[in-house]
Amino acid sequence: MVLQYSHEPFSNFKLDTNKKEFQESLSYVNTQLGKHYPLIINAERIETEEKTFSMNPANTKEVIGSISLANKELVEHAMQSASNAFESWKKWSLEHRANILFRAAAIMRRRKHEFSSYLVKEAGKPWNEADADTAEAIDFLEYYARQVIQLKDGIPVKSREGEYNQYNYVPLGVGIIISPFNFPLAIMAGTATAAIVTGNTILLKPADATPVIAAKFVEVMEEAGLPQGVLNYVPCRGSEVGDYLVEHPQTRFVTFTGSREVGCRIYEKAAKVQPGQKWLKRVIAEMGGKDTVAVDKDADLDLAASSIVSSAFGFSGQKCSAGSRVVIHQDVYDEVLNKAVALTKALTVGNPEEVSTYMGPVIHKDSYKKIMSFIELGKEEGRLVAGGEGDDSTGYFIQPTIFADVDENARLMQEEIFGPVVAFSKARDFDHMMEIANNTDYGLTGALLTKNREHIERAREEFHVGNLYFNRGCTGAIVGYQPFGGFNMSGTNSKAGGPDYLLLHMQAKTTSETF
Ligand code: NAP
């Protein structure tokens, strides 16, 4: 039955068969390194003189691939191709569009470990994180394909006697999809296919650090039968061509996922109506986070410590949902801190190609430098109790780092670091805990560990974040189960993988016929 949906299971790498298959996929991907990836505009492969190189962050000498870069003329060509393709694509039935996503999901499922292996190599993801990224991408395709079919007949509205009223959704036009490096498959594929399945055509601009995985995904969409011009793959430098894409008068909407700084810029640029522009652009902007794990005095303290550690250090803390600030009730502060430090010191940091590695590198040199500068700052703002060291001699490795006794207003407690660094703060009581939890500009995710039912209900009301979790960590939202998106400076609260997401890519049309 087409409307049934359950998420893609994660691979269990304790099983020898899965381990062996993954190792074989890694070996295969190792034979594919160094290839060149041209632009794909209107299904045509276009080589450019200007190229960028995607490098392995765990081994900075290893080239994953070289990629042609689009300039303004080429993105203009892509814009015209997408505009032309829109005229026919918008007329496709929703079921036929959904079928392309179902086919693409099936292809990806068959090649799941291959996609995950590219994520290991290009993004430095350990096996389980890569596996979750691929599973999420498949989930997005499956979920949005099912969702769009439910919109087929619009939403029922009332009709008075002698009239027939209908309320239907129609696509918007050409969208610009700008994706981040940290979920280079799931977020890129999810944002691209939500736009496509609702009848829009797109220009896809992947993050500079992770263009190869995006190229592999575009190949899958072509294999699944997507017509030419619907998805145009245009890697380009965000800082150089980004404004042109956003400001283009034919751009109908922009879907951005990335930092607050770039998101705010896009929001502002898109708001200005350009000569020849016939609409107000829509912007979906999902931005950064400064996410809190709060531990109450009667929490399960072992669960609290393991939740803190997995939220802070999964994928080297490079998740918008990463728990980078911890607030603990003073009665249990020392005990939870000690437990978290012990767990952190046992984590393995190293080559993500090894199944035993818990944490791989951070994405690139700029990121490494920024995180290391926060670690220096942390030595002034708090007490270093774990980690604190980095090594960029072969890849960008940083030890999982904990700072204790950090003031709630310190930069470490306020700014997104996007690396394996977590700050601990002490709260006097539950009121103070909620106060500290909400004392940030962001509002993406949060977690509360407590056995106190009244505090759970209070947090449900008072803890102001888009995704709030009880008695678990604050990362790991599942498509269709925990729709994802934050409040405040975390973005436009679009809720990827949720029931309202597709509607953001469409406009509603009312028709009323009188007899
Ligand atoms: P980023 O530096 O903001 O880059 C995101 C994308 O924007 C990249 O494709 C980048 O291209 C592009 N870009 C840069 N400047 C641009 C401009 N002027 N105009 C248009 N596009 C431009 O973010 P990132 O480092 O890749 O990702 C990490 C950030 O994403 C964190 O802040 C994290 O919290 C956030 N994030 C949020 C969510 C969420 O759902 N809320 C999910 C994942 C990540 P280049 O790579 O070519 O510069």
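Our subject is the structure listed above.
Owing to the predicted nature of the structure, the values given are computational and were not obtained by experimental measurement. (Residues numbered from 1 in each chain as written. Predicted model: local features only at pLDDT ≥ 70, side-chain atom pairs only at ≥ 80, totals over all residues. Heavy atoms only, no water.)

Enquirer: Mind showing me how you'd approach the pairing of strand β11 (residues 282-286) here?
Expert: Consecutive side chains along a regular strand alternate between the two faces of the sheet. For β11, a buried count of four out of five residues is recorded, marking the element as mostly surrounded by other parts of the structure. When strand β10 (residues 251-257) meets β11, the two strands line up parallel, connected through five bridges. Within β11, the position partnered with Val254 by the bridge is Val283. Of the crossover connections in this fold, the one passing from β10 over helix α9 (residues 260-271) to the parallel β11 is right-handed. (Buried < 20%, exposed > 50% of the residue type's maximum accessible area, 1.4 Å probe, protein only. Helix = DSSP H or I, 4+ residues; strand = E, 2+ residues; numbered from the N terminus. Pairing = 2+ DSSP bridges. Right-handed = clockwise from strand over helix to strand, strands pointing away.)

Enquirer: Could you clarify how one ought to interpret the site of the ligand in this entry?
Expert: Lining the immediate environment of the ligand, one finds 31 residues, of which Ser179, Asp208, Ser259, Met287 and Glu416 sit closest. Between Glu416 and the ligand, the recorded distance is 2.6 Å, taken from a side-chain N or O atom to an oxygen atom. About the coverage of the ligand: the protein hides 86% of its 910 Å² of free accessible area. Put simply, the parts of the chain that give the shell around the ligand at least two residues each are α8 (238-247), β10 and α9. Top contributing element to the shell around the ligand by residue count: α8, with four residues. Across the shell around the ligand, the residue classes tally to 15 nonpolar, 10 polar and six charged. (Near = heavy atom within 4 Å. Polar contact = N/O pair within 3.5 Å; in protein donor to acceptor, adjacent residues only side chain to side chain. Areas by Shrake-Rupley, 256 points an atom, 1.4 Å probe, with all protein chains shown as cover. Nonpolar A, V, L, I, M, F, W, Y, C, P; charged D, E, K, R; others polar.)

Enquirer: What am I meant to see in the environment of His113 here?
Expert: If you trace the backbone, His113 turns up in helix α4 (residues 112-123). Residue classification places His113 among the buried positions, given a relative accessible area of 11%. In this structure the C-alpha to C-alpha distance between His113 and Ser25, which are 88 residues apart in sequence, comes to 5.9 Å. Beyond its immediate sequence surroundings of up to four residues, His113 is in contact with Ser11, Phe13, Asn18, Glu21, Phe22, Ser25 and Asp131. (Contact = heavy atoms within 4.5 Å.)

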